[in-house]
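Structural characterization, general
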Amino acid sequence: MQQNRFTWLGLSLMAASYSLMAGQTIGAFPYDMPAEKPARPLSEAVARNYDNYMSPRQEKNELYSLFKYTKLKGFDYNGEDGTVSRRDPSKIIKENGQYYIWYTKRHTKAVPVGLSNAHLASDEIPSADWDLADIWYATSKDGFTWQEQGVAVPRPPKPQIGWRSVATPDILKWKGKYYLYYQGFNAPSGLTDNDCPVAVSVAESPDGPWKAINKVIIPNGKKGEWDQNSIHDPHPIVHNGKIYLYYKADFDRIRGSKDRPQAVRMQGLAIADNPLGPFKKHPLNPVLNSGHETSLFPFKEGVAALIIRDGNERSTIQYAEDWVNFNIASVVELMPNAAGFYVPDAFTDTKYGRGVTWGLSHFTAVNGWDTNHSQLTRFDTDLSLDLHDPEMKKHNYKYSPEHHYKFGLSAKQKERIKNQNYK
Ligand code: AAL
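Throughout what follows, the structure given in this document is the object of discussion. (Residues numbered from 1 in each chain as written. Predicted model: local features only at pLDDT ≥ 70, side-chain atom pairs only at ≥ 80, totals over all residues. Heavy atoms only, no water.)

The subject of this paragraph is the nonpolar core. Of all hydrophobic cores here, the largest spans 23 residues; its most connected members are L63, F67, F297, L306, I317, F341 and L383. For this core, the secondary-structure elements that each account for two or more residues are strand 16 (296-300), strand 17 (302-307), strand 18 (316-320) and strand 22 (375-384). Beyond its immediate sequence surroundings of up to four residues, F297 is in contact with L63, I237, V303, A304, L306, F341, V343, G355, V356 and L383. Formed by 21 residues, the second largest nonpolar core is a distinct cluster that contains V202, I217, L245 and A249. (Core = buried A, V, L, I, M, F, W, Y, C linked by side-chain atoms within 4.5 Å. Buried < 20%, exposed > 50% of the residue type's maximum accessible area, 1.4 Å probe, protein only. Helix = DSSP H or I, 4+ residues; strand = E, 2+ residues; numbered from the N terminus. Contact = heavy atoms within 4.5 Å.)

Given below as structure tokens:
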């Protein structure tokens, strides 16, 4: 699409310049915006408005939507004192007439000491919010009120993969069996950066029991490769009779350094014929240049991805008809962090994905770092070919002045401005 567009643009610009040179005018762009790309010279931006988006009108763009949040019932956070945390929910599946979800749960005596204080972590003191965690699951009839069922995958004994913490699960249903992929930490997160490989457990039922396959499923990259340290957020979808597992890696970070203190976060793809691998990493990895957690769903012939929190293309929804080469399909706001959608056709090997309308996500550092913990929440949206909710297609939210002032200048910034203004 990209190459054709530039060729077309070149030809149309040439045509325009000839006609302009011949004294003709190309006429103003029409008030009634053409529904299809018009055969006339267009600026790069207007050409893009036709080429890159599912509709030249924002509210008709099937991959544009607002997100609306609802507080969940059924999860207790011990008075929000930081000792109980739930985060990084999986995709949601529907089985036996109810919804199932898996997530990272931490229940520790102490509040996390923070990644930079990982040397102070112990068997009882967590370094990060996802340290000393297990994978729990819950069920629901309506997606708003949930019943916590218990531990699905506990931390295994040393030296098995994930003995320190198992976190950030996602679910795959494949040939009647269930597979939970998750990050397996073998040290307090922060000691060796946020490093971990991906492990997997298998069950005959979504209620378990789960059997841990004690082997690395998605290996870290070799030293010097972008995914040498972290293979985060494993996210399996069935496509073309194979398992397409998307993941995120943090890289190019030197903690404490002046110019590389923050990680670059990009996403890769690994493909396998069998849930236990071998998974072959795509040669074009990374396939997404931004995004903190992975959150994708089949859409039409391709796959759509939420690009969350980090990177030049954060807060966009992207689309790849070939499941590898993504382009921006919409720009959104208040995007759900670590979104775990209910994706009815995630495992059906669909040839025409219908899209999604709701899921669970998380809020982190709720009430601040002194009681650092995360909470799950429900979000609703209209990224579906089978729903047309005009309230979800409004162009933007209206934020109050107070909401803006809440994110005001820091003391350091006020000092800087004071000095430069009074020079
Ligand atoms: C999450 C995910 C991974 C990271 C940490 C826990 O948002 O990206 O799981 O390791 O943060």
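From this point, the narrative continues.
This part is about the sheet that holds strand 11 (residues 211-218). An order of 7-8-10-11 is seen for the four strands of this open sheet, with the pairing classed as antiparallel. On the outer flanks of this sheet lie strand 7 (165-174) and strand 11, each paired with one strand and no other. Across the sheet, the axes of successive neighbouring strands diverge by a mean angle of 30°, strand direction being ignored. The pairing of strand 8 (residues 177-185) with strand 10 (residues 198-203) spans six bridges and is classified as antiparallel. Each residue of the ladder has a partner; that of Y181, found in strand 10, is V200. (Pairing = 2+ DSSP bridges. Axes fitted to C-alpha atoms, helices over the stretch in contact; angles between N-to-C directions.)

By nearness alone, every residue bordering the ligand is listed as R87, D88, W130, T168, Q183, F185, N194, H232, D233, K248, H292 and E293. In this structure, an oxygen atom belonging to the ligand sits 3.2 Å away from a side-chain N or O atom of R87. One nitrogen or oxygen atom from the side chain of D233 is found 2.9 Å from an oxygen atom belonging to the ligand. Considered on its own, the ligand offers 280 Å² of accessible surface; in the complex 99% of this is hidden by protein. Of all the secondary structure elements, the ones that give two or more residues to the shell around the ligand are strand 8 and strand 12 (232-239). (Near = heavy atom within 4 Å. Polar contact = N/O pair within 3.5 Å; in protein donor to acceptor, adjacent residues only side chain to side chain. Areas by Shrake-Rupley, 256 points an atom, 1.4 Å probe, with all protein chains shown as cover.)

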